[in-house]
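Residues per chain, in single letters:
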Amino acid sequence: MDGFLLLDKEKGISSNQLVQHVKKTLSLKKVGHLGTLDPMATGLMILAINRATKFSNYFLESDKSYDATVQLGSSTDTDDAMGAIVSSSDTLSTQKDIYKSLESFVGKSMQTAPYFSALKHKGKPLYKYAREGKFVLKPPREVNIFSIKNIKCEHNKCSFIIHCSKGTYIRSIARDLGKKLNSGGHLSALRRLSQGNFNIEDSMTIENVELNNLITIEAAFSELPEIKLNSNQKKFFMNGVKIEEINLKDDTYKIYDSSKKFLGLGLVSNSVLALKRLV
């Protein structure tokens, strides 16, 4: 029972509550996740089960896509609908201005995280400082917005599908959109649609979660090329010894033994194969 489960998180439940519910319901020893969602958000959460937790880091770098809705005309202290309104405006933006402002986010840029975030300062999450009335501003960091599509605007609300790099805060996009339009803005709804090769269409609800839909560790890396090792090479690999004269391009590979048993992941660099992670 090692692999990944795709869950469709409901609104109002925290990521940790979802993990603990699945762990208890399915009587599992180890359950982790491949990226949190705020309690207000819904959509795709990937849970790593048992030995799959060792492979979680390989998915944390994945890009993601979201269906987002921004309420224009008011800003909140959390940059989403869960917070208190700190400013409001009667400014009404035209669709043309909204489209133009949203399009300006596409590409690489420096983004400032919300005060209420899980980023840490001196080992303590920013949201804990914020709850104490201490607002810590972290240095901006680079994010990449690959596309913003399906833009729809109605009654001072704007929805769109955004495809972005890891570490992107959609709440920050909502906040900064409001600033560009001089009206203020905050995130009023968010649904994660995809993460890497995983999609919401393949997910389960918390009510019907079951291990029959477990994605094996091997299947989760279906896009990676393969290397098959002979018995001697297998011994070296399993003991962390590098194997030379592997004349393949530099890349991460799925590693198999001669009987086609999946062993784990390896990295080829300069024709040398090194162990990355064993199953």
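It should be noted that the structure appears before, not after, this text.
Residues numbered from 1 in each chain as written. Predicted model: local features only at pLDDT ≥ 70, side-chain atom pairs only at ≥ 80, totals over all residues. Heavy atoms only, no water.

1. Some thoughts on the sheet that holds strand 16 (residues 251-256)
The condition is simple: At least two bridges found by DSSP between two strands is the condition for calling them paired. Numbered from the N terminus, helices here are DSSP runs of H or I no shorter than four residues, and strands are runs of E no shorter than two. Here the axes come from fitting lines to C-alpha atoms, over the contacting stretch only for helices, and the angles between their N-to-C directions go from 0 to 180 degrees.
As summarised here, the arrangement of the 4 strands in space is 15-16-17-18, forming an open sheet in which the pairing is mixed. Each edge of the sheet is formed by a strand with only one pairing partner; in this case those strands are strand 15 (226-228) and strand 18 (272-278). Across the sheet, the mean angle separating the axes of adjacent strands is 40° when strand polarity is ignored. Two strands pair when backbone bridges link them, and strand 17 (residues 262-269) and strand 18 are joined in this way by 6 bridges, in the antiparallel orientation.

2. Structural notes on the pairing of strand 10 (residues 141-154)
Inspection of the sheet shows strand 7 (residues 107-111) paired to strand 10 by 5 bridges, in the antiparallel sense. Its bridge partner lying in strand 10, Lys108 is registered against Asn144. In this sheet, strand 11 (residues 157-164) lies alongside strand 10 in antiparallel orientation, the contact comprising 7 bridges. Within strand 11, the position partnered with Cys153 by the bridge is Cys158. From the end of strand 10 to the start of strand 11, which pair antiparallel, there are 2 residues, and His155 there has a positive phi angle of about 55°.

In short, geometric facts, not functional conclusions.
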